[in-house]
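Structure at a glance
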Amino acid sequence: MSERVYNFAAGPSTLPLGVLKQAQEEFLDFAGTGMSVCEISHRDKAYDAVVKEAEALTRELLNVPDDYAVIFVQGGASTQFAAVPLNLMHGGKADYIVTGNFAKKAWQEGQIYGEAVKIGDSSDKVYTYIPDVDKLNYSEGADYVHITSNNTIFGSRYDKFPECKAPLVADMSSEIFSREVDISKFGVIYAGAQKNLAPAGVTIVIAKRSLIQDPLKYCPTMLKWKVQDENGSLYNTPPAFSIYMANLVLRDLKAKGGVKAMNEIDVYKAGLLYDFIDNSSLFTNNVEKRYRSIMNVPFVTPSAELDAKFIAEAKKAGLVSLKGHRLVGGMRASIYNAMPVEGVTSLIDFMKKFELENK
Ligand SMILES: *Cc1c(COP(=O)(O)O)cnc(C)c1O
């Protein structure tokens, strides 16, 4: 096998090596069935156990209250941009805080179904900050307030969540399981798995049951969270392999001490990288410090040519997928839970060397 690289991709992204090896080991014979997990019926007991365990581990690791549904659905986080209004927008109005590209897409999708009010927007400074959530004009009678808790492309995140009357809905795709959150403060949390949890194909939704009993009448059955909840995420054929992988990652997270322990490592890793960047004469990160993401770290050199050179040389050194999103250019290091500390220190060592050579 060729040597594995350090993969800084924003998503799909790196997964824990131990998990990949376990999946490889049991790929041909899952749980003594003589079949792979991709071949087995989703109605088989052996598979049912996987979904149940993934739900139970999610509940345990995130301390999810009993009156919340935890479901695994398809279509990526982008499908949830529609599912949110389709399940919750009874009064025809909801608030959106637009702090990045995905937040904007969620807001635009919301407009299809009702009045989606943009109550906050940080595009004036290229999404390098989060608007002060205490000073926003929350709409009277809004069905919910939608936020994107971590902005994957721009590398910012909420340091504090809105305290609003309407249920808070958060897209946590790029940071779920990286910091402790009080689930009871949220109406709904959703996250595409391919950033910090599993391969692409599954999205996790955590929703307060009392809020999801009455989806809009034209809500497609597949997007009704209530239906998915009542069927234990097995209303139809689930993305079996992705849920199986999510379960292995959750087991691994539990063995490593859970979200609190992981958060300490994540904060440490991000701190190393930001410290280096802030003291560098070549690299910069423009996100306001208190809002800096511990998952996605964008940075630039003074020129696009040098950025391109950096990305190409880093790749040769086994540090891959460092190109920034096409909307912003430059570089971005996504340092999710599965990125080992050595991956981050290798990147910093490489940046130091590059800085000396390109002064
Ligand atoms: C990646 C991402 C999305 C889009 O996810 P898909 O699964 O590709 O639909 C949405 N929101 C955030 C915050 C993301 O990081």
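This report concerns the structure included in the present document. What you are looking at is a predicted structure, and each value in this text was computed from that prediction instead of being measured.

**What to know about the packing of aromatic side chains**
A full pass over the atoms with the stated rule returns 16 aromatic pairs. Judged by centre distance (6.4 Å) and plane angle (70°), the rings of phenylalanine 81 and tyrosine 190 are edge-to-face. With a gap of 109 residues between them, phenylalanine 81 in helix α3 (residues 76-88) and tyrosine 190 in strand β9 (residues 188-192) connect regions that are remote in the sequence. For the pair phenylalanine 81 and tyrosine 190, one class covers both residues: buried. A ring pair is formed by phenylalanine 283 and phenylalanine 299, whose centres lie 5.7 Å apart and whose planes are at 85°; its orientation type is edge-to-face. A residue pair is termed long-range when its members are at least 10 positions apart, and phenylalanine 283 in the loop between α7 (258-278) and β11 (296-299) and phenylalanine 299 in strand β11 qualify at 16 residues. One exposure class covers both phenylalanine 283 and phenylalanine 299, and it is buried. Taken together, Phe276, Phe283, Phe299, Phe310, Phe350 and Phe354 form an aromatic cluster joined through their ring pairs.

**Re a nonpolar patch on the surface**
Together, Val126, Leu327 and Val328 give the surface a local cluster of nonpolar side chains, amounting to about 250 Å² of exposed area. Structurally, the position occupied by valine 328 is in the loop between β12 (319-320) and β13 (331-334).

**Notes on the site of the ligand**
In the region of the ligand, 13 residues are neighbours, and Ser78, Thr152, Asp171, Gln194 and Lys195 sit closest. Alanine 77 has a polar backbone atom sitting 3.1 Å from an oxygen atom of the ligand. The side chain of lysine 195 places a nitrogen or oxygen atom 2.5 Å from an oxygen atom of the ligand. Summarising the interface, the protein chains cover 86% of the accessible area of the ligand, which totals 380 Å² for the free molecule. At 4 residues, the largest contribution of residues to the shell around the ligand is made by α3.

**Overview of the environment of valine 84**
Within the secondary structure layout, valine 84 lies in helix α3. The class of valine 84 is buried, set by a relative accessible area of 1%. Sequence spacing of valine 84 and isoleucine 212 is 128 residues, and the spatial spacing of their C-alpha atoms is 9.8 Å. Here valine 84 is in contact with Met89, Tyr144, Val169, Tyr190 and Trp225, once residues within four sequence places are set aside.

Parameters at a glance
Every chain begins its residue count from 1, and numbering advances along the sequence as written. Predicted model: local features are reported for residues with pLDDT of at least 70 only, side-chain atom pairs are reported and counted for 80 or more only, and whole-chain, interface and lining totals are derived from all residues. Only hydrogens and water are removed before side-chain values are computed, so all heavy atoms of the structure are retained for them. When two rings of Phe, Tyr or Trp (its six-membered ring) have centres within 6.5 Å they constitute a pair, described as stacked for plane angles under 30 degrees, edge-to-face for angles over 60, and tilted for the intermediate range. Labels follow the DSSP assignment, with helices taken as runs of H or I lasting at least four residues and strands as runs of E lasting at least two, numbered in each case from the N terminus. Summary of the burial criterion: residues with accessible area below 20% of their type's maximum are buried, those above 50% are exposed, and those between are partly exposed, where the area comes from a 1.4 Å probe applied to protein chains only. Exposure above 30% relative accessible area and the lack of any salt bridge qualify a residue for a patch; like charges then connect within 9 Å, and the nonpolar side chains Val, Leu, Ile, Met, Phe, Trp and Tyr within 5 Å. To be clear on the numbers: accessible area is Shrake-Rupley with a 1.4 Å probe, and residue cover counts the displayed protein chains and nothing else. Salt bridges are defined by distance alone: a side-chain nitrogen of Lys or Arg within 4 Å of a carboxyl oxygen of Asp or Glu. We call a residue near a molecule or strand whenever a single non-hydrogen atom of that residue lies within 4 Å of it. Here a polar contact means two N or O atoms within 3.5 Å. Within protein one must be a hydrogen donor candidate and the other an acceptor candidate, and residues neighboring in sequence count only if both atoms are side-chain atoms. It only takes one pair of heavy atoms within 4.5 Å for two residues to be counted as in contact.

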